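Each chain, letter by letter, is given below.
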Amino acid sequence: MDDQRPNCWVTLVGTSAGKQSRNGTGVMQVLSHNKSDIVHEDPACGVHGLSQIEHNCRCSGAFFRHLLGAYQRVQRHIVGLLPQRIRRRAPDVLSLSTTTQLTGAMVAFFLLIVGVNSAAAETKRVLILHSFGRDFLPFSEFSGLFREQLVKAYPNQIDLYEASLETARHSDPQDDAPLLGYLRSLFSNRKLDLIVTIGGPAARFIQRYRSEVIFLSTPMMITAIEQRLVDIAALPASDTVIAFNLNFAAAIDNILQVLPMTTDVNVIFGNSPLERYWVEEARRELQSFTDRIKFIWLNELPFDEIRRRVASLPPKSAIFYVLFAVDAAGVPHAGDRPLQELRVHANAPIFTFIDTYLGRGIVGGPLLSHASLSRLAVEAAVPVLGGKTPTTVSVASVGMETPVYDWRELQRWNIEESRLPAGSIVQFREPGLWERYRLQIIAVAVALLIEAAFSAWLLAERHRRRRAELESRGRLLETIHLNRTAAAGALSASIAHELNQPLGAIQNYADAAEQYLKADPPNLDRALTILDNIRRDDQRAAEIIMHLRGLLKKRSEIDLQEFDLNLAVGDAIHILEPEALKRGVSLIASQAKVALPVRADQIHLQQVILNLALNGLDAMQGCDPSTAELTIQSAMIGKAQAEVSVTDSGVGVPSNLLSKVFETFFTTKQHGTGLGLSIARTIIETYGGKIWAENREGGGAAFRFTLPLAKRVAT
Amino acid sequence: MKRDQPIIHVVDDDPSFRASTGELLTAFRYRVALYESAAQLLEKPPTSEDGCILLDLQMKGLNGLQLQDELLARQIKLPIVFVTAYGDIPASVQAIKAGAEDFLTKPVPKERLFVAIGRALERSKQVREQDDRHALLRALVSQLTPREYEIFDMLVHGKLNKEIAHALGTAERTIKFHRQHVMQKCQAKSLPQLVLMAERLGML
């Protein structure tokens, strides 16, 4: 090999010789299209670099021809044979080739193999030999891990080769030859540094052909095999065994632990020689359970039948899935499809003892860990690759590990977690609402909290405001009450004298009655009439007191009622009469003929009228008594308003002060408080009315207020 | 009820007090007349019979003091007892000055009322008797002829017979004759009695 050449071979394989040139162009197009870094085009080689590729082809002509012969048999594993670094790209290239115009005319494909020239001394060649195929579960999981970890753990370059004993699925030993031939060709010029077998058939294949040159001096590592399948005595000292221990009894114990009522266990096996071996092993190991459990061995049924059977299992059944490579009909089953299909159709829980299946539909239990197995294998492989050939057969094995369960399956089969053995691990726990929507829940909670806090703040604020309003209203009511008390005080003298009328009358009547009773004969009829009169006058006295009490009574709340405004006017006139009499003022009352329903506190309106009237009386102080007149009038204005006017014949209000008289603390009286009219306004405005003052043409002032009627009055 | 029993006139615009006072006085065998206003009293003024007026001070229309003035103006001399619910000092002073007999405040204990009424009636009696005497005197004097009245007037003013005769241009004897008639007609036994009479009639 010329060192000046790019360090890659491009091998072109074609069946149609006459179209080589065209094919080569096509390949070249594909390659350049792919911009693959493994092709180094020399600009001097022409447009397509075809000559370079042909040159490379010539350089590796012998290998090319050999590979062509082998190809058709190992077609599916070509990609698997690619060195690790290239394999990733190969599918891209292949799929691109199918998209080119060439696909119809030729059955051509190409294969890229990169042989690393540089640092060849450090590069170790490792052959991984699969038993059932590269993608056969559960081995594929182990081999995947092993590959990955080995490349990582070994400091130098590793040239990985993989081959598979597809034939292990069947029982025909004659099928060994092509693979052996292929391996011979492949490794005749390349010294293998380590052979790793995965699964029993692969180990037995190598052992069978250990005398072959290519295997002879190469240390072998037997992995992913049940310990009892390895005849350690037959191995050369350089070999290593990384085995596992299957414990069928432990698996069945596990089923009984989580589902104690189980009576039937359906054991799923394929029917390949290896599987048949294991069926026998299992039968033997499970002998001790037969008094408690009925085992149904389904290995001699084709998969379709098995699938049908598990769909209608009696209650208290369980399925024990061990291995399913080839069914009784000879159909190979790769990957986890058999398990997936069983899970879809089965009406009983599925158990197994290999952790690969965890998360794919098995309940779980003590499981073999592929990770542990792979770790052991890598730990053993690295020193061997480093040149330390073991002097004795080293054997390491893994057993069943801590029980692991699939939460979803536990839920599906109603297995309570309390039934699981102590220290069990439960995986695939589906996140609850909290786990799944933690952020959203927190956000919503925070939002709610903020909203709640905001609401609380608003409520508190509202409460505070309401309290302030109540307090303010309380103060207003208190002021109104004080004003009313003052009015009552101003009227008290006349009210007291007013009270003297009925009291004096009662006394007179009592004296008269006494006299009639003392007479001989007593005048009883007269006395009885007098008692009636006494009762009437007593009633009158009570009414006066009641009016006064109405004025003096303290109220903490407005007593809002609908009433006839004429009543308030009448009551006020009643209270005012003695005072007007005392002052020698004629009190003229004129009430509306219709009811004036308003909505307010009756005492408050009465108070307003008293305030206005007392003002009027004060304004007439010192006037000629013969002309002093106070008129209190109620009337309906329009259809929705009631008006009360209090008119005096006094001095009137200076016109510049007309608008100021309602201001708080404004007074023209020497001893006035300046509150009466201000409170009158407050009260009237509280009930939605208006109050104002005006001067009369003939002298004197008129104070008027209007209130909205509570309902339309039919006139 | 005796015809000459005094009448108590009750003027009060408060119906219950007016009625009760009437009842009380009736029970104690007074003659009572009730008036609901001053105007009603003035419509039909009391005669010169004995009696008194119980008058409310504060009334609508004409008040008590105004009625008092009016009665004085009309020479109705019935004594007035004010009974008021609103008695204040200025009002009472004014009333008493104007000749009110008493000033009572409601409610009035009956003893006080009766004492006041008794005094008023006594006064009323005196006034009436005085009036009666005046009337008698006036009746006596009215019997005199104009010439006799002339001589009566000069006599009570202290003129001697001689002076009167001179003033009238008649004989002293003629004067003595007329003087004799005057004394007889006036039922006077002496000159001083005649003078006293003239004084009572306000001629001096």
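About the criteria used
Along each chain, the written sequence defines residue order, and numbers are assigned to residues from 1. Following the order in which they are written, the chains are lettered starting with A and the ligands numbered starting with 1. The predicted nature of this model means local features are confined to residues of pLDDT at least 70 and side-chain atom pairs, given and counted, to a pLDDT of 80 or more, with totals for whole chains, interfaces and linings taken over all residues. To obtain the side-chain values, all non-hydrogen atoms of the structure were used and water was disregarded. Helix and strand labels come from DSSP, where a helix needs a run of H or I of at least four residues and a strand needs a run of E of at least two; each type is numbered from the N terminus. Think of it in three bands: with a 1.4 Å probe and only protein chains considered, a residue is buried below 20% of the maximum accessible area for its type, exposed above 50%, and partly exposed in between. Throughout, a contact is declared for two residues whenever any of their heavy atoms are within 4.5 Å. All accessible-area figures derive from a Shrake-Rupley calculation using a 1.4 Å probe, and residue coverage is judged against the displayed protein chains alone. Note on pairing: two strands pair once DSSP finds at least 2 bridges between them. Between N-to-C directions, angles span 0 to 180 degrees; the directions come from axes that are lines fitted to C-alpha atoms, helices contributing only their stretch in contact. Each of two parts loses accessible area, computed with a 1.4 Å probe, when they are put together; buried area is these two losses added. By convention in these notes, a salt bridge is any Lys or Arg side-chain nitrogen within 4 Å of a carboxyl oxygen on Asp or Glu. Contacts described as polar in this section are N or O atom pairs within 3.5 Å, which, within protein, must combine one atom able to donate a hydrogen with one able to accept it, while residues neighboring in sequence count only if both atoms come from side chains. What makes a patch is a set of residues exposed beyond 30% relative accessible area and free of salt bridges, joined within 9 Å when like-charged and within 5 Å when nonpolar (Val, Leu, Ile, Met, Phe, Trp, Tyr). Between rings of Phe, Tyr and Trp, where Trp is taken as its six-membered ring, a pair exists when centres lie within 6.5 Å; planes separated by under 30 degrees are stacked, by over 60 edge-to-face, and by other angles tilted. Only lysine NZ and arginine CZ atoms are considered, and such an atom sits over a ring when it is within 6 Å of the ring centre and within 35 degrees of the ring normal. In plain words, nonpolar cores are sets of buried Ala, Val, Leu, Ile, Met, Phe, Trp, Tyr and Cys residues tied together by side-chain atoms within 4.5 Å. Arc definition: directions from the helix axis to the C-beta atoms.

Brief notes about the overall build of chain A
Turning to step 1, where the next piece is worked out: Counting its regular elements, chain A contains 22 helices and 22 strands.
Turning to step 2, where the next piece is worked out: Looking at the 715 residues of chain A, the share that counts as buried comes to 46%.
Turning to step 3, where the next piece is worked out: Counted over contacts in chain A with a minimum sequence separation of 6, partners at least 24 positions apart contribute 74%.
Turning to step 4, where the next piece is worked out: Summed over all atoms, the accessible surface of chain A reaches about 35,700 Å², with 53% contributed by carbon and sulfur.

Structural notes on the sheet that holds strand β3 (residues 124–130) of chain A
Residues and elements named next belong to chain A.
Turning to step 1, where the next piece is worked out: One open sheet accounts for 6 strands, arranged β4-β3-β5-β6-β7-β13; its pairing is parallel. The outermost strands of the open sheet, each flanked by one partner alone, are β4 (158–164) and β13 (394–398). Along the sheet, successive strands turn relative to each other by an average axial angle of 15°, direction set aside.
Turning to step 2, where the next piece is worked out: Pairing between β3 and strand β5 (residues 194–198): 5 bridges, direction parallel. Note that in β5 the partner of leucine 129 across the bridge is threonine 197.
Turning to step 3, where the next piece is worked out: Helix-sheet contacts for helix α15 (residues 370–385) involve β3, β4, β5, β6 (220–226), β7 (240–244) and β13, and the interaxial angle to β7 is about 180°.

A closer look at the interface of chain A and chain B
Turning to step 1, where the next piece is worked out: Counting residues at the interface gives 25 residues for chain A, matched by 22 residues for chain B.
Turning to step 2, where the next piece is worked out: Here chain A meets chain B over a buried area of about 2,000 Å², counting both sides, of which 52% is carbon and sulfur.
Turning to step 3, where the next piece is worked out: Among the residues of chain A in contact with chain B, A:Gln501, A:Asn508 and A:Leu581 are the three that bury the most area, contributing 30% of the side total.
Turning to step 4, where the next piece is worked out: Counting across the chain A and chain B interface gives 3 salt bridges.
Turning to step 5, where the next piece is worked out: The closest approach of N and O atoms between A:Arg526 and B:Glu23, which form a salt bridge, is 2.5 Å.
Turning to step 6, where the next piece is worked out: Here chain A is connected to chain B by 9 residue pairs in polar contact (both at pLDDT 80 or more).
Turning to step 7, where the next piece is worked out: Residue assignment for the side of chain A that touches chain B shows that the elements contributing at least two residues are α18 (438–518), α19 (524–552) and α20 (565–583) of chain A.

Some remarks on a nonpolar patch on the surface
Residues and elements named next belong to chain A.
Turning to step 1, where the next piece is worked out: Taken together, the side chains of Leu433, Trp434, Tyr437, Ile441, Ile442, Val446 and Ile450 define a hydrophobic patch exposed on the protein surface, amounting to about 650 Å² of accessible area.
Turning to step 2, where the next piece is worked out: Those elements that place two or more of their residues in the nonpolar patch are α17 (433–436) and α18.
Turning to step 3, where the next piece is worked out: A per-element tally of the nonpolar patch places α18 first, with 4 residues.
Turning to step 4, where the next piece is worked out: Tracing the backbone shows valine 446 in helix α18.

Some remarks on the sheet that holds strand β10 (residues 317–323) of chain A
Strand pairing in a sheet relies on backbone hydrogen bonds, with the paired strands running either antiparallel or parallel.
All names here are of chain A.
Turning to step 1, where the next piece is worked out: Strand order across the open sheet formed by 4 strands is β9-β8-β10-β11, with parallel pairing between neighbours. The sheet terminates laterally at β9 (294–297) and β11 (350–351), the two strands that pair on one side only.
Turning to step 2, where the next piece is worked out: In this sheet, β9 lies alongside strand β8 (residues 264–269) in parallel orientation, the contact comprising 4 bridges. Bridge pairing in β9 places aspartate 264 opposite lysine 294.
Turning to step 3, where the next piece is worked out: Seen against the sheet, helix α12 (residues 273–285) touches β8, β9 and β10 and runs at an angle of roughly 155° to β8.

Examining the environment of A:Val213
Residues and elements named next belong to chain A.
Turning to step 1, where the next piece is worked out: Within the secondary structure, valine 213 sits in helix α10 (residues 213–216).
Turning to step 2, where the next piece is worked out: Look at valine 213 and you get exposed, because its relative accessible area is 72%.
Turning to step 3, where the next piece is worked out: Taking the C-alpha atoms as reference points, valine 213 and phenylalanine 187, 26 residues apart in sequence, are found 9.3 Å from one another.

Topic: the pairing of strand β21 (residues 690–695) of chain A
Remember that side chains alternate between the two faces of the sheet whenever the strand is regular.
Turning to step 1, where the next piece is worked out: Here β21(A) runs beside strand β22 (residues 701–708) of chain A; their pairing, made up of 6 bridges, is antiparallel. The residue bridging A:Ile691 from the neighbouring strand is A:Phe705, located in β22(A).

Let's talk about the packing of aromatic side chains
Turning to step 1, where the next piece is worked out: Throughout the structure, instances matching the rule amount to 17 aromatic pairs over all chains.
Turning to step 2, where the next piece is worked out: Measuring from ring centre to ring centre gives 6.1 Å for A:Phe248 and A:Trp278, while their planes differ by 50°; the resulting arrangement is tilted. Residue A:Phe248 is located in helix α11 (residues 248–258), and its partner A:Trp278 is located in helix α12; the two are separated by 30 residues in the primary sequence.
Turning to step 3, where the next piece is worked out: The exposure class of A:Trp278 is buried, given its relative accessible area of 5%.
Turning to step 4, where the next piece is worked out: Members of the aromatic cluster, joined through ring pairs, are A:Phe248, A:Tyr277, A:Trp278, A:Phe320 and A:Phe353.
Turning to step 5, where the next piece is worked out: Just above the ring of A:Trp692 sits the side chain of A:Lys690; from NZ or CZ to the centre is 5.9 Å.
Turning to step 6, where the next piece is worked out: If you follow B:Lys106 out to its NZ or CZ, it ends over the ring of B:Phe17, 4.1 Å from the centre.

Looking at the side chain of B:Thr84
Turning to step 1, where the next piece is worked out: When you line up the elements, B:Thr84 lands in strand β4 (residues 80–84).
Turning to step 2, where the next piece is worked out: Other than its neighbours up to four places away in sequence, B:Thr84 contacts B:Asp56, B:Leu57, B:Gln58, B:Phe103, B:Leu104, B:Thr105 and B:Lys106.

Re the pattern of salt bridges
Turning to step 1, where the next piece is worked out: Under the defined criterion, the tally for this structure stands at 40 salt bridges over all chains.
Turning to step 2, where the next piece is worked out: With its nearest N and O atoms 3.9 Å apart, the salt bridge here joins A:Glu498 to A:Arg540. Here A:Glu498, found in helix α18, pairs with A:Arg540, found in helix α19; they are 42 residues apart in sequence, far enough to count as distant.
Turning to step 3, where the next piece is worked out: For B:Lys110, the salt bridge is made with B:Glu111, and the minimal N-O distance between the two is 3.4 Å.
Turning to step 4, where the next piece is worked out: By relative accessible area, which is 15% here, B:Lys110 ends up buried.
Turning to step 5, where the next piece is worked out: A single network of salt bridges, built from pairs that share partners, joins A:Glu226, A:Arg228, A:Glu281, A:Arg284 and A:Glu285.

Overview of the nonpolar core
Residues and elements named next belong to chain A.
Turning to step 1, where the next piece is worked out: If you look at the biggest cluster of nonpolar residues, it comprises 86 residues, and the most contacted ones within it are Phe146, Phe248, Ile252, Phe269 and Phe320.
Turning to step 2, where the next piece is worked out: Sorting elements by how many residues they give to this core places α15 first, with 7 residues.
Turning to step 3, where the next piece is worked out: Apart from residues no more than four positions distant in its own chain, isoleucine 252 is found in contact with Val265, Leu286, Phe289, Ile293, Phe295 and Phe320.

Let's talk about helix α14 (residues 337–345) of chain A
All names here are of chain A.
Turning to step 1, where the next piece is worked out: Within the sequence span of α14, burial applies to Pro338, Leu339, Glu341 and Leu342. The buried residues of α14 occupy an angular sector of 165° when the element is viewed end-on, so they sit on one face. Exposed residues lying more than 90 degrees from the buried face of α14 are Arg337 and Val344.
Turning to step 2, where the next piece is worked out: Buried residues belonging to α14 abut β8, α13 (303–311), β10 and β11.

Concerning the side chain of A:Ser645
All names here are of chain A.
Turning to step 1, where the next piece is worked out: As for its position among the elements, serine 645 is in strand β20 (residues 641–648).
Turning to step 2, where the next piece is worked out: Among the residues examined, serine 645 registers a relative accessible area of 2% and is labelled buried.
Turning to step 3, where the next piece is worked out: With residues up to four places along the chain from it excluded, the contact list for serine 645 reads Thr631, Ile632, Gln633, Phe703 and Arg704.

A short note on the pairing of strand β19 (residues 629–637) of chain A
All names here are of chain A.
Turning to step 1, where the next piece is worked out: In terms of strand pairing, strand β17 (residues 586–590) meets β19 through 5 bridges, oriented parallel. Opposite serine 586, over in β19, you have glutamate 629 as the bridge partner.
Turning to step 2, where the next piece is worked out: The sheet contact formed by β19 and β20 spans 8 bridges and is antiparallel. Residue serine 634 lies in a different strand from β20, and its bridge partner there is valine 644.
Turning to step 3, where the next piece is worked out: Counting the residues between successive antiparallel strands, the hairpin from β19 to β20 contains 3 residues, one of them, glycine 638, with a positive phi of roughly 65°.

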